[in-house]
Amino acid sequence: METATTAKRRTALTTLLKDPEEEVRLAAAHALERLEGIGSLEEVLDLLKKGDHATRIKAIYALGQIGGEGALPALLYCIARPEEDIRAAAIEVLGRLGHPGAKGPLSEKLKDPSPALQSQAIAALGNFRDSSLIPLLVPFLDAGDGLLDAEAARALGKIGAAGCEEKIISLLQSPHAATRQAAALALGELPVS
């Protein structure tokens, strides 16, 4: 079921498909494609409950496009699911949305048994740019694995954790290229005093 908002947008964008400028036509086509992927919150929640595995993952990403308070409970439910790919998609989407209510549950995912999911949780928390998260992320700088340490450096750079500068500088000597790259990027983002 199409909402009044998406119908209004679809009508407005459809007229641009005949615009004389190719860039405008392409932008309108891209926007229409995105609208096709967004259903109502109720439709997406129904797909999340009743769809097959791949449909559930698509529904999680659709919830990220819908956003808002209504999407939050379903996404928080999904980060607690036993399926790693479901948890991963929900962590990613929650990080992009940056809803304050997701910060605590995402922090809990730092303890997930999967290093890949821990890494995603670190990245998601970096999007909050909240200095209260620094103590949770700093221990991952010592991971030495090219994954968790790299993601922690990136997240701390985004947050602006200037107090971590020396530790991040030391990561420039890591045997892992991903860690060295992340440390270099983080140093470029840290505030200069």
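Described below are features of the structure shown in this document.

Conventions used here
- Residues numbered from 1 in each chain as written.
- Predicted model: local features only at pLDDT ≥ 70, side-chain atom pairs only at ≥ 80, totals over all residues.
- Heavy atoms only, no water.
- Helix = DSSP H or I, 4+ residues; strand = E, 2+ residues; numbered from the N terminus.
- Buried < 20%, exposed > 50% of the residue type's maximum accessible area, 1.4 Å probe, protein only.
- Contact = heavy atoms within 4.5 Å.
- Areas by Shrake-Rupley, 256 points an atom, 1.4 Å probe, with all protein chains shown as cover.
- Lys, Arg positive; Asp, Glu negative; His and termini not counted.
- Charge placed at Lys NZ, Arg CZ, Asp CG, Glu CD.
- Expected span 1.5 Å × (residues − 1).
- Axes fitted to C-alpha atoms, helices over the stretch in contact; angles between N-to-C directions.
- Parallel < 35°, antiparallel > 145°, perpendicular 65-115°, else oblique.
- Left-handed = near helix turned anticlockwise from the far one by under 90°.
- Nonpolar A, V, L, I, M, F, W, Y, C, P; charged D, E, K, R; others polar.
- Salt bridge = Lys/Arg side-chain N within 4 Å of Asp/Glu carboxyl O.
- Core = buried A, V, L, I, M, F, W, Y, C linked by side-chain atoms within 4.5 Å.

Let us look at the overall build of the protein chain. Each helix and strand counted, the protein chain has 12 helices and zero strands in total. Each helix and strand of the protein chain, placed in order from N terminus to C terminus, yields the pattern α-α-α-α-α-α-α-α-α-α-α-α. For the protein chain, the spread of C-alpha atoms along the three principal axes comes to 55 × 45 × 25 Å. In the protein chain, which comprises 193 residues, the share counted as buried stands at 39%. The contacts of the protein chain with a sequence gap of at least 6 include a subset with a gap of at least 24, amounting to 55%. When the accessible area of the protein chain is evaluated, it comes to approximately 10,400 Å², of which 58% is carbon and sulfur surface. Measuring between centres, the 21 positive side-chain charges of the protein chain sit 3 Å from its 26 negative side-chain charges.

Before going further, it helps to spend a moment on helix α10 (residues 148–159). Taking 1.5 Å per residue, 12 residues should reach 16 Å; α10 reaches 16 Å between its end C-alpha atoms and fits that length. Taken across its 12 residues, α10 has 10 buried, putting it largely inside the fold. Turning to α10, its buried residues are Leu148, Asp149, Ala150, Glu151, Ala152, Ala153, Ala155, Leu156, Gly157 and Ile159. Looking at the buried positions of α10, the neighbouring elements they touch are α8 (115–126), α9 (134–137), α11 (165–170) and α12 (177–189). Residue Gly160 follows α10 closely and has a positive phi angle near 85 degrees.

What follows covers unusual backbone geometry. Phi at Arg129 is positive, roughly 50 degrees, even though this residue is not glycine. Turning to its location among the elements, Arg129 is positioned in the loop between α8 and α9.

At a closest axis distance of 8 Å, the pairing of helix α3 (residues 41–50) and helix α4 (residues 53–66) adopts a crossing angle of 155 degrees. The angle between α3 and α4 falls in the class roughly antiparallel. For the pair α3 and α4, the sense of crossing is left-handed. Of the residues in α4, those touching α3 at Leu41, Val44, Leu45, Leu47, Leu48 and Lys49 are Thr55, Arg56, Ala59, Ile60, Ala62, Leu63 and Ile66.

Below, the discussion takes up the packing of α10 against α12. A pair of packed helices is characterised by two quantities: the angle between their axes and the separation of those axes. Two elements in contact, α10 and α12, have axes whose closest approach is 8 Å; the angle formed by their N-to-C orientations is 5 degrees. Classed by the angle they form, the pair α10 and α12 counts as roughly parallel. Counted together, Asp149, Ala150, Ala153, Arg154, Gly157 and Lys158 of α10 and Ala178, Thr179, Ala182, Ala183, Ala186 and Glu189 of α12 form the full contact between these two elements. In terms of residue class, the contact of α10 with α12 is made up of six nonpolar, two polar and four charged.

Okay, the side chain of Asp149 next. Assignment of secondary structure puts Asp149 in helix α10. Buried charge Asp149 goes without a salt bridge, the closest partner of opposite sign being Arg154 at 7.9 Å.

Counting 48 residues, the largest nonpolar core has Ile60, Leu106, Ile122, Leu137, Leu156 and Ile168 as the members making the most contacts within it. Among the secondary structure elements, those contributing two or more residues to this core are α3, α4, α5 (72–78), α6 (84–97), α8, α9, α10 and α12. Sequence-distant contacts of Leu137, that is, excluding residues within four places in its chain, are made with Leu110, Ile122, Leu125, Ala152, Ala155, Leu156 and Ile159.

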